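Survey of secondary and tertiary structure
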Amino acid sequence: MNWRDAAACSGEDPELFFPISGSGLGMVQIGEAKAVCGRCPVTSRCLEWALGAGPMEGVWGGTTESERRAMRGRTTRERLGEAGRTAA
């Protein structure tokens, strides 16, 4: 079974997960989408997939595009820091 088959969002309107902005009514929509993710049994798999897929719009794994970008940046900095310590 694919993890997407068990996703809580599979029965929701896909538009919910693609807000038109990150402010005003878009923030309300983001909150509603994250609430669906909060009750989803496969949120971690979804987030893992979204992080690996690269930059993309929408709420995936309970995170927004900007939140995932920050996560990828932290991971990259951590890897670079580790590489510097092992090379020394």
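Fair warning: this is a prediction, and the values are worked out from it, not measured in the lab.

What follows deals with the overall build of the chain. Per the secondary structure count, the chain includes three helices and zero strands. Mapped from its N terminus to its C terminus, the chain presents α and β elements in the order α-α-α. For the chain, buried positions account for 28% of its 88 residues. Pairs at least 24 residues apart make up 39% of the contacts formed inside the chain by residues separated by at least 6 positions. For the chain, the exposed surface amounts to about 5,900 Å²; the carbon and sulfur share of it is 56%.

What follows covers helix α1 (residues 25-38). With 14 residues, α1 should cover 20 Å at 1.5 Å per step; its first-to-last C-alpha distance of 20 Å lies within 8% of that length. Within α1, the full set of buried residues consists of G26, Q29, I30, A33, V36 and C37. The buried residues of α1 occupy an angular sector of 115° when the element is viewed end-on, so they sit on one face.

Residues given the UniProt feature "binding site: [4Fe-4S] cluster" (unreviewed entry) here are C9, C37, C40 and C46. Annotated residues spanning 38 residues; largest pairwise C-alpha distance 10.7 Å, indicating a single compact cluster. When you line up the elements, C40 lands in the loop between α1 and α2 (43-53). Residue classification places C40 among the buried positions, given a relative accessible area of 17%. For C40, the contacting residues outside a window of four places in its chain are A7 and A8. Residue placement: C46 occurs in helix α2. Excluding anything up to four places from it in sequence, C46 contacts W3, W60 and G61.

Rules and cut-offs
Residues numbered from 1 in each chain as written. Predicted model: local features only at pLDDT ≥ 70, side-chain atom pairs only at ≥ 80, totals over all residues. Heavy atoms only, no water. Helix = DSSP H or I, 4+ residues; strand = E, 2+ residues; numbered from the N terminus. Buried < 20%, exposed > 50% of the residue type's maximum accessible area, 1.4 Å probe, protein only. Contact = heavy atoms within 4.5 Å. Areas by Shrake-Rupley, 256 points an atom, 1.4 Å probe, with all protein chains shown as cover. Expected span 1.5 Å × (residues − 1). Arc of directions from axis to C-beta. UniProt positions renumbered as here; feature names shortened; annotations may be inferred.

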